[in-house]
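As a plain string of letters, each chain reads:
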Amino acid sequence: MQRIILLHLMKTLFFSLVLLLLALAGCRYSRDPARSAVLVDSLAQQMWERDLATGRAVNISGGKSILPRNLYAGSRENFFQDSAYFSDLIQKLDQLEPYHLPVDKKIDYDLLRWTAEIRLQGTQYYGQVFPPVTPYANFLYGIETVFKQASLDTPAEAAQYILLLKQYRAVQQTYRDKLRWMASRGTRMGKPQLEVALGMITRMRVPPEQHPLFPADARLTRWADTARASFQANARKILLEEILPQHDSLWNYLKGDYYRQSSDQVGLSQYPGGTDYYRYLVRFFTTTDLTPEAIYELGLRQVNILARQLDSIRLATGFTGDRKTFYHFLQTHRRFLAFTPEEAGERLKRPLRRVDSVIHRLISLRPHTGYDIRRLSPELEPVMTFGKYEPPAGDEPLGVYYFNGSKLDQRPMTNAAGLALQELIPGHHWQGRLQAENKNLSDFRKNQFIWAFSEGWASYASSRLGRELGMYADPYDYCGRLLMDMFISVRLVVDVGMNHLGWSREKAIAYMREHVIESEQQIRSETLRYSCDIPGQALSYKIGALQLEKLRDKYERASGDHWNVVRFHDVVLANGALPFSVLEKVLDREFAVR
C-alpha cells in the first residue's frame, strides 16, 4: 500500500509540474500539438485522481480501488469546491485550440469539456439535491461502493478503512443536517419517498457483522487470524457505537415530525427550483439538448408504435383475446414462469450461450473478462424491481448480473432472452469490459460511465442486434423484447409526467398498468424510483438507444455500398462511453462525414 501511495504521489506531482510549466508558458503553446496533448493528459489524470481521492469515484475498470482520503458527503462545502474546480478546469481548456490536437486527444478534450461543463452546472442545485437515503440513489451515489471495492491487503489499507468508517458517522450527520435545512426552506421528501427511505434504513439496522460496511472474512483471506480478528473487532466497535446509532437517529428524525409534515406528492416540480433542476437532469442523463416536453411527446409516439407491433404478434400467434387478456396470458401461463431461483438463472443463461456463437457477425471486438448470473441479495429484492449488473470489483473477478429471485409467480420470464442480452452479451458486460480492458484509453476514459451511452448501448444491443442475430425467432421471445422496449418507452412519459408535468403517482401507475406487463408491485416500485429516488435517470435507456439508431442510420446512408456495420460497432465500443455529441464527432472523422 505504501508503495502504491508513493507511486500515486509521484504521478500527481509530475502532472502538477507539467501543468505549472504549461501555465507559465501561457497561451503561446496552445497551438503546439505535443504540448497541448500533454496538457490534456495532465488535466484528465488530475480530475480522475481528484475524484478518487475525494470519494466521488471508484475504479470501475476492474480490480480494487485505493481508498480515498475522505468520503464524499455532498455538503455545501463540497459543492463550492466543485464549482471552483470545474470553473478553473474550463479556463484551462479555453487556453487550448482543440483543432491542433492529435485525434485521440481531441476525444479526451471534448469529453473533459463536456464533463466539466455538466458538473459545473450541477453545482447550482445544492438546494434541490436530497442526500442519497433511498435505495437506488444510495446504490448509485452513496459511499458503500467505496468500501466494497477497496483493497484490504495491507495494514495501511486497513488503517485507512477504519479511519473512513469513523468518517461515515460524520457523513450521516451531514445527511441529516441537510434534510433539516431543506425542510426549513419548504423542501421535504414526500411520504412515498419517505417510505422507501425508511425501509432502506431499517435494512441497515442490523448486527455489525451483517452490515454492508463490515469487512467479512472472504475479503481477508490473506490475513493472519489474529490480525483479521483485531481488524474486525475495530470495525465492529465503530459500527456498533457510531454508525448504527446514526442509522437509528436518521430513522427517528424521518419518522417523526418530518413525516407528519410531509405531503403525499411526488416528483421534482413540487419543490422550489425543481423544474430547473429536472431540466438539468434531463441534459445530464441523456447528454442531449432534448427538452422534457419533447421527450414526453417522443415517449407517446414510441408507446403507440410498440403497441401496434405487439398487437401484430398477438394476432400472428393466433391468440383470440384482446391486448389486456394477452398480457394476462404472458404474465400467468406456466411456460413463461420459473418456479425456483435456479430455474430463473438457467433461463437467463440459455440465450447467452447462443448469442456468444454469433456475435462476431456484428462486433469483432471481444472482452477477456468472464461473467456470471446470480440471485440478488434477499434484503434488496423488495426495493429493486428487476436486478442489477455489477462489473468486477474488489475480490470479485467476474461481471455479475444479479436477478430478482423473489415472488417468481409475479415475475414472468417472457423477456429472459432480451434481459440477458441487455445486461451481459452484447450489452452492459460486453461494452463495459471492452472499455475497461482497452489499453489505449487513459484511466480517466476507462472509468467513464455516461448513462445515455451505457444504458443506450445495452438497450440497442439487446433490441436491434438481438433481432439481427436471430435471437428472437420465437415470437414470444420477440414479444418479450418488445415489452422491454415498451417499458423503457413508457418511462419517457411517466418520468417527465411526474417530475415536470405535475402528474400524480396514481396517474403514472394507471398509465403503466395500461401499457406494460409488469406486476402491480413492480409498477409501484418503479414509479417511486422515477419520482422519488433518481429522477431523470430512467430516460437514459430509450433516449440512448434511439440516439445510437440515429447515428447508425446516418453513417449507413453516408457510406452507401461501402457500409460496414462491424466497423461502426467496433468504433463505438473502442472509444469507451462518450456523450453523444462527442461520439458523433468521432464517427464523423471515422466515416469522413462533415
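Position labels on residues start from 1 in each chain and follow its written sequence. A pLDDT threshold of at least 70 governs which residues receive local features in this predicted model, and a stricter bar of 80 or more applies before side-chain atom pairs are shown or counted, although totals over entire chains, interfaces and linings include all residues. With hydrogens and water excluded, all non-hydrogen atoms of the structure serve as input to the side-chain values.

Details of the overall build of the protein chain
Okay, step 1: A tally of helices and strands in the protein chain yields 24 helices and three strands.
Okay, step 2: Radius of gyration: C-alpha atoms only; globule rule: 2.2 Å multiplied by the number of residues to the exponent 0.38. The C-alpha atoms of the protein chain give 24 Å as radius of gyration, which agrees with the globular expectation for 594 residues (25 Å, within 12%).
Okay, step 3: Along the first, second and third principal axes, the C-alpha set of the protein chain runs to 75 × 65 × 50 Å.
Okay, step 4: Relative accessible area decides the class of each residue, using a 1.4 Å probe on protein chains only: under 20% of the type maximum gives buried, over 50% gives exposed, and in between gives partly exposed. Burial analysis of the protein chain (594 residues in total) assigns 59% to the buried set. Helix and strand definitions here come from DSSP, where helices need a minimum of 4 consecutive H or I residues and strands a minimum of 2 consecutive E residues; each element is numbered from the N-terminal end.

What to know about the sheet that holds strand E3 (residues 399-403)
Okay, step 1: Here we have three strands laid out as an open sheet, ordered E1-E3-E2, and mixed in their pairing. Unpaired on one side and paired on the other, strand E1 (371-375) and strand E2 (387-390) mark the two borders of the sheet. Adjacent strand axes in the sheet meet at a mean angle of 15°, parallel and antiparallel pairs treated alike.
Okay, step 2: When DSSP finds two or more bridges between two strands, those strands count as paired. Here E2 runs beside E3; their pairing, made up of four bridges, is antiparallel. Bridging across to E3, Glu390 finds its partner in Val400. Fitting a line to C-alpha atoms yields each axis, with helices limited to the stretch in contact; the angle taken between N-to-C directions then spans 0 to 180 degrees.

Some words on the side chain of Ser75
Okay, step 1: Mapped onto the elements, Ser75 comes out in the loop between helix H2 (33-53) and helix H3 (76-94).
Okay, step 2: Ser75 sits in the buried class, given a relative accessible area of 17%.
Okay, step 3: Not counting chain neighbours up to four residues away, the residues in contact with Ser75 comprise Tyr126 and Thr174. By the convention used here, residues are in contact when the closest approach between their heavy atoms is within 4.5 Å.

As for the packing of aromatic side chains
The relation between two aromatic rings is expressed through the spacing of the ring centres and the mutual angle of the planes.
Okay, step 1: Classification of ring pairs uses Phe, Tyr and Trp, with its six-membered ring standing for Trp, and accepts pairs whose centres are within 6.5 Å; under 30 degrees between planes counts as stacked, over 60 as edge-to-face, and the remaining range as tilted. Tallying each qualifying case throughout the model produces 28 aromatic pairs.
Okay, step 2: Between the aromatic rings of Phe319 and Phe329, the centroid separation amounts to 5.4 Å while the plane-to-plane angle is 35°, which identifies the pairing as tilted. Of this pair, Phe319 sits in the loop between helix H12 (292-316) and helix H13 (323-332) while Phe329 is found in helix H13, placing the two residues ten residues apart along the sequence. For the pair Phe319 and Phe329, a shared accessibility class is recorded, and that class is buried.
Okay, step 3: Three or more aromatic residues link up through ring pairs in this structure, and these residues are Tyr125, Tyr277, Tyr280, Phe284, Phe285, Phe449 and Trp451.
Okay, step 4: Any Lys NZ or Arg CZ found within 6 Å of a ring centre and within 35 degrees of that ring's normal is scored as a charge over the ring. When the ring centre of Trp181 is taken as reference, the NZ or CZ atom of Arg76 above it lies at 4.8 Å.
Okay, step 5: Directly above the ring of Tyr259 sits Lys191, whose terminal nitrogen or CZ lies 5.3 Å from the centroid.

Considerations on helix H24 (residues 580-590)
Okay, step 1: Those residues of H24 that fall on the buried side of the exposure criterion are Phe580, Val582, Leu583, Val586, Leu587 and Asp588.
Okay, step 2: Elements that come into contact with the buried residues of H24 comprise helix H4 (103-122), helix H11 (274-286), helix H18 (451-468), helix H22 (539-559) and helix H23 (565-574).
Okay, step 3: A positive phi of about 55° marks Ala592, the residue just after H24.

Focus on H18
Residue pairs three or four apart in sequence face the same way in an α-helix, which turns once every 3.6 residues.
Okay, step 1: In this model H18 runs 24 Å from its N-terminal to its C-terminal C-alpha over 18 residues, within 8% of the 26 Å that 1.5 Å per residue would give.
Okay, step 2: Think of it this way: the bend at a residue is just the angle between two axes, each fitted to seven residues, one set ending at that residue and the other starting at it. Approximately 30° is the largest bend angle found in H18, and it occurs at Ala461.
Okay, step 3: Of all 18 residues making up H18, 16 are buried, and the element is well covered by its neighbours.
Okay, step 4: Gly470 sits one or two positions beyond H18 and adopts a positive phi of about 75°. Residue count minus one, scaled by 1.5 Å, sets the expected span of a helix.

Topic: the confidence of the model for the protein chain
Okay, step 1: pLDDT expresses, on a scale from 0 to 100, how confident the predictor is about each individual residue. Mean pLDDT for the protein chain: 91, with 94% of residues reaching 70 or above.
Okay, step 2: Contacts from residues 1-10, a stretch scored under 50 in pLDDT, to residues over four places away or in other chains number six contacts.
Okay, step 3: Low pLDDT, under 50, characterises residues 22-29; the stretch is placed with five contacts to residues that sit more than four places away or in other chains.

Description of the packing of H22 against H23
Okay, step 1: Their axes nearest at 11 Å, the elements H22 and H23 cross at an angle of 135°. Classified by the interaxial angle, the pair formed by H22 and H23 is oblique. H23 is crossed by H22, and the crossing has right-handed handedness. Residue-level inspection shows Leu548, Leu551, Arg552 and Tyr555 of H22 in contact with H23, the latter providing Val565, Phe568, His569 and Val572. In what follows, roughly perpendicular refers to angles from 65 to 115 degrees, roughly parallel to angles under 35, roughly antiparallel to angles over 145, and oblique to any angle outside these ranges. Two helices cross in a left-handed way if the nearer one is turned anticlockwise from the farther one by less than a right angle. They cross in a right-handed way if the turn is clockwise.

Here's the deal with unusual backbone geometry
Okay, step 1: Each neighbour pair has its own omega, and for Ile425 with Pro426 the value is 0°, a cis peptide bond.
Okay, step 2: Along the chain, Pro426 turns up in the loop between helix H15 (416-423) and helix H16 (428-437).
Okay, step 3: Of note in this structure, Thr287 is not a glycine but carries a positive phi near 55°.
Okay, step 4: Mapped onto the elements, Thr287 comes out in the loop between H11 and H12.
Okay, step 5: Look at Thr287 and you get buried, because its relative accessible area is 8%.
Okay, step 6: Not every positive phi belongs to a glycine, and Lys407 is a case in point at roughly 45°.

Re the packing of H13 against helix H19 (residues 475-500)
Okay, step 1: Where H13 meets H19, the closest approach of the two axes is 13 Å, and the angle between their N-to-C directions is 110°. On the basis of their axis angle, the class for H13 and H19 is roughly perpendicular. Packed against H13, whose contacting residues are Phe326, Tyr327, Phe329 and Leu330, the element H19 presents Tyr476, Cys479, Leu483 and Met486 at the interface.
Okay, step 2: The class makeup of the residues in the contact of H13 with H19 is eight nonpolar, no polar and no charged. In this classification, Asp, Glu, Lys and Arg are treated as charged, Ala, Val, Leu, Ile, Met, Phe, Trp, Tyr, Cys and Pro as nonpolar, and every other residue, Gly included, as polar.

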